[in-house]
Amino acid sequence: MTTERRCPPALRAGDTVALVACSGPADPDAVRTGVAVLESWGLRVRVGGTVRDDRPHPRLDYLAAEDADRARDFTEAWLDPHVRAVLAARGGYGSHRMLDLVDWAALRHAEPTLFAGSSDATAVHEAVATHLGVPTVLAAMPATAYFDPVAAEHLRTTLFAPCARRTLPSPAAEPLRAGLARGRIVGGNLSVLAAGVGTRESRPAHGGIAVLEDVGEEPYRIDRLLTHLLRTGWFDDVAGLALGSWSDCGSDPGAVRAVLCDRLGPLGVPTVWRLDVGHHPGALAVPLGLPAELDAATGTLTVAPGQ
């Protein structure tokens, strides 16, 4: 395990990136569309066998391939000296299943590599941070419907300057509790974080700015997930909360807001909601593991590596 933060080098035109399947199978048309966007940035794209469906799972059609095959694709991509970034093609379910099969010892001896993804890939973000101490990027994935031109541009900007200072504004963001918070950015998908509690990769939000989002969860389920994290101490000493999109989480956004206020309000820290993070058109790309400043009053999250 490591807590050292080694910033991966920025991408440049001509670099090779690997598209891997950490979770569920990707639609071939969506893969082709995503690859075309990446190539338009001047990148070479290597599509992993688990993304191409070369080795589908023989029994479970919600997984892109066997756990060992997905772990192997991820490991080989990271260790390939020609690959400068590893990108999750899409989410779904399955990242937790492959983590124990990744050769983390070998990856620790390799040069730091960029990893980007969201949703179920939150489990991979946690593992990379725990085992490798490398900042990662929470962003829309190339083989998904959320990889629209705005979200794609956010990802491109971040991959080509992963540890640069930048402000991530969200016009629709609203403060639930005003104030200024500073700390490293942690978090991701709420349900995946909650599922990881008790594993060796689970990291509490202590001293950090927790970015949380989810999709397709009813308000009472969001309540249950937050309550679970609260009871485990995951939120102890959290510096601030940046709450993202909650797409398809019931028919009334006000009900989600009420749950968030009820469960997280007693923490008494600067909190903003409706930040453009998660399963949302135009999703921001958020560097996890870097120092940042959250201004809840203005709804802005500023990545500040020099702090």
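Residues numbered from 1 in each chain as written. Predicted model: local features only at pLDDT ≥ 70, side-chain atom pairs only at ≥ 80, totals over all residues. Heavy atoms only, no water.

Observations concerning the state of the cysteines
Covalent bonding between the sulfur atoms of two cysteines is what defines a disulfide. Within the structure shown, the criterion is met by 1 disulfide. Lacking any disulfide linkage, Cys261 is separated from the closest cysteine sulfur, that of Cys249, by 15 Å. With relative accessibility at 32%, the residue Cys261 sits in the partly exposed group. (Disulfide = S-S within 2.5 Å. Buried < 20%, exposed > 50% of the residue type's maximum accessible area, 1.4 Å probe, protein only.)

Points about the environment of Pro142
Take Pro142: it is sitting in the loop between β5 (136-138) and α7 (149-159). Since its relative accessible area comes to 5%, Pro142 is described here as buried. Separated by 89 residues in sequence, Pro142 and Asp53 have C-alpha atoms that sit 16 Å apart. Setting aside anything within four residues of it in sequence, one finds Pro142 in contact with Leu19, Ala30, Gly34, Leu38, Leu87, Ala88, Ala89 and Phe147. (Helix = DSSP H or I, 4+ residues; strand = E, 2+ residues; numbered from the N terminus. Contact = heavy atoms within 4.5 Å.)

Structural notes on the pairing of strand β14 (residues 300-303)
Side chains of β14 alternate between two faces, with Thr300 and Thr302 and Leu301 and Val303 buried alike. Note that strand β6 (residues 166-169) and β14 share 4 bridges and pair antiparallel. Paired with Thr167 across the bridge in β14 is Thr302. In textbook terms, the turn of a hairpin is the stretch between consecutive antiparallel strands, and for strand β13 (residues 291-295) and β14 this stretch comprises 4 residues, one of which, Gly299, has a positive phi near 70°. (Pairing = 2+ DSSP bridges.)

A few points about the nonpolar core
Of all hydrophobic cores here, the largest spans 29 residues; its most connected members are Val17, Val31, Trp41, Leu87, Leu155 and Leu159. Listing elements by their share of this core, those giving two or more residues are β1 (16-20), α1 (28-40), β2 (44-47), β3 (83-88), β4 (114-117) and α7. In this structure, Ala77, Trp78, Ala121 and Ala127 belong to the second largest nonpolar core, which totals 26 residues. (Core = buried A, V, L, I, M, F, W, Y, C linked by side-chain atoms within 4.5 Å.)

So, the sheet that holds β4
Here we have 6 strands laid out as an open sheet, ordered β2-β1-β3-β4-β5-β12, and mixed in their pairing. The open sheet has two free edges, formed respectively by β2 and β12 (286-288), since each of these has just one partner strand. Within the sheet, the average angular offset between the axes of one strand and its neighbour, ignoring direction, is 25°. Pairing of β1 with β3, which is carried by 5 bridges, proceeds in the parallel orientation. The residue bridging Thr16 from the neighbouring strand is Val83, located in β3. The sheet strands contacting α7 are β3, β4, β5 and β12, and the helix crosses β4 at an angle near 165°. (Axes fitted to C-alpha atoms, helices over the stretch in contact; angles between N-to-C directions.)

So, the environment of Gly268
Relative to the helices and strands, Gly268 resides in the loop between α10 (253-264) and β11 (271-273). Accessibility expressed as a relative area gives 35% for Gly268, which makes it partly exposed. Taking the C-alpha atoms as reference points, Gly268 and Ala151, 117 residues apart in sequence, are found 31 Å from one another.

Quick look at the side chain of Ser23
Residue placement: Ser23 occurs in the loop between β1 and α1. For Ser23, a relative accessible area of 0% puts it in the buried group. At a separation of 2.9 Å, a polar atom in the side chain of Ser23 contacts the side chain of Ser95. Apart from residues no more than four positions distant in its own chain, Ser23 is found in contact with Tyr62, Leu63, Ala64, Arg70, Arg90, Gly91, Gly92, Tyr93, Gly94, Ser95 and Asp120. (Polar contact = N/O pair within 3.5 Å; in protein donor to acceptor, adjacent residues only side chain to side chain.)

Here we look at the sheet that holds β13
Taking strand neighbours across the sheet as the criterion, the 8 strands line up as β6-β14-β13-β8-β9-β10-β11-β7 in an open arrangement whose pairing is mixed. For this open sheet the edge positions go to β6 and β7 (174-177), each flanked by a neighbour on one side alone. Averaged over all adjacent pairs, the angle separating strand axes in this sheet is 30°, with direction ignored. Bridge count for strand β8 (residues 180-189) against β13 is 5 bridges, and the pairing is antiparallel.

Quick notes on the pattern of salt bridges
Inspection of the entire model under this criterion finds 14 salt bridges. Between Asp67 and Arg70 there is a salt bridge, with its nearest N and O atoms 2.1 Å apart. Linking Asp67 with Arg70, this pair stays in helix α3 (residues 67-79), spanning 3 residues, or about one helical turn. The buried category is assigned to Asp67, whose relative accessible area is 12%. With a shortest N-O distance of 3.6 Å, Asp100 and Arg200 are connected by a salt bridge. Here Asp100 is found in the loop between α4 (95-98) and α5 (104-108), whereas its partner Arg200 is found in the loop between α8 (190-196) and β9 (209-215), with 100 residues between them in sequence. The partly exposed category is assigned to Arg200, whose relative accessible area is 47%. Because the salt bridges share partners, they merge into one network encompassing Asp67, Arg70 and Arg97. (Salt bridge = Lys/Arg side-chain N within 4 Å of Asp/Glu carboxyl O.)

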